[in-house]
Amino acid sequence: MTTNTTLLPALIATLQKTINDNVEEVTELDRAIGDGDHVVNLQRGLEALAKISDELAKLEWSPALMKIGMTLMSTMGGASGSLFGTLFVSMAKAAKSKDFDSSTFPDIFMAGVESVKQRGKADIGEKTMLDTLIPVANSLFADKANNVEINQQLDNVVAEAIKGMESTKDLIATKGRASFLGERSKGHIDAGARTSQLMICAIVDVLTQQ
Ligand code: ADP
Ligand code: MG
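Residues numbered from 1 in each chain as written. Chains lettered and ligands numbered in written order. Predicted model: local features only at pLDDT ≥ 70, side-chain atom pairs only at ≥ 80, totals over all residues. Heavy atoms only, no water.

S.K.: Would you take a moment to explain the environment of Val89 for this structure?
M.R.: In this structure, Val89 sits in helix α6 (residues 78-95). Given a relative accessible area of 9%, Val89 falls into the buried group. In this structure the C-alpha to C-alpha distance between Val89 and Thr128, which are 39 residues apart in sequence, comes to 19 Å. (Helix = DSSP H or I, 4+ residues; strand = E, 2+ residues; numbered from the N terminus. Buried < 20%, exposed > 50% of the residue type's maximum accessible area, 1.4 Å probe, protein only.)

S.K.: I keep staring at the site of ligand 1 and nothing clicks. Help me out?
M.R.: As a structural note, the neighbourhood of ligand 1 is formed by 20 residues, with Asn41, Ala79, Ser80, Gly120 and Asp190 the closest of them. Contacts to ligand 1 include Asp37, whose side-chain N or O atom sits 3.0 Å from an oxygen atom. Within the side chain of Asn41, an N or O atom sits 2.8 Å from an oxygen atom of ligand 1. Protein chains bury 92% of the 560 Å² of accessible surface belonging to ligand 1 in isolation. When atoms are counted within 2 Å of each cavity's grid points, the one that captures over half of ligand 1 is the largest pocket. (Near = heavy atom within 4 Å. Polar contact = N/O pair within 3.5 Å; in protein donor to acceptor, adjacent residues only side chain to side chain. Areas by Shrake-Rupley, 256 points an atom, 1.4 Å probe, with all protein chains shown as cover. 1 Å grid on protein atoms, 1.4 Å probe; cavity = no way out; pocket = protein on both sides within 12 Å on 5 of 7 lines; lining within 4 Å. Sits in = over half its atoms within 2 Å of the grid points.)

S.K.: How do you make sense of empty space enclosed by the protein when you look at a structure like this?
M.R.: Empty space left among the atoms is revealed by rolling a probe the size of a water molecule over them. Counted according to the given criterion, the structure contains one cavity of 30 Å³ or more. Here the largest cavity is characterised by a volume of approximately 810 Å³. Together, 37 residues line the largest cavity, and Leu11, Phe88, Met91, Phe105 and Ile203 are the ones closest to its centre. Where the lining of the largest cavity is concerned, the elements lending two or more residues are α1 (8-21), α3 (38-51), α5 (61-75), α6, α7 (105-120), α8 (130-145), α9 (150-167) and α10 (191-209). The biggest single contributor to the lining of the largest cavity is α10, with six residues. Broken down by class, the residue content of the lining of the largest cavity amounts to 32 nonpolar, four polar and one charged. (Points joined across faces, edges and corners; volume = space filled by probe spheres on them. Nonpolar A, V, L, I, M, F, W, Y, C, P; charged D, E, K, R; others polar.)

Below, the structure written as structure tokens:
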């Protein structure tokens, strides 16, 4: 499967729609164990991306990913702004002078997720976006090594994203605002894990319709 940055305007519009369709739910999630602003932060970042999406579509993948990361960092705010920004900036660095396709993407995505881990000083099991991102990165990595067919890889990505997001419900938060609640953070899905899963599933939808 080959992708091109001309896909970005439609992809960004799809992400905006997905997040807008889930505003209330995500607001409730962040209100329960955070301060309720996660979805607004993300909407602000996606709106900024929509404004430059025609420009992004003219770039190669690495500079496009870099511009996405820098834009998210400078517009989103919140812990998630710097973390999602870091994800894309590091993917941009990993994508430099490489083809960008289904054979290189697992490494590129893994590099991005590793940077989020470092930036957030967090790992799997801490009730954050990483509980969605890490299983997805691992799944892509393993499937590539095992020569799993691309549509199966995408199905596995969706399954892992949902499973990872759901896993946050019973976890105790040890990072971010939710960690202030300790035991009381249990019983709620993490907002960043949910938005990460929603966006990953929306991207897979676009890719499988191609
Ligand atoms: P803030 O917490 O500053 O209000 P947001 O509400 O935009 O920022 O984002 C909160 C989300 O960020 C959480 O739901 C969680 O997924 C993620 N998050 C917070 N801290 C960390 C961290 N140290 N590592 C990874 N993800 C984190
Ligand atoms: Mg918040």
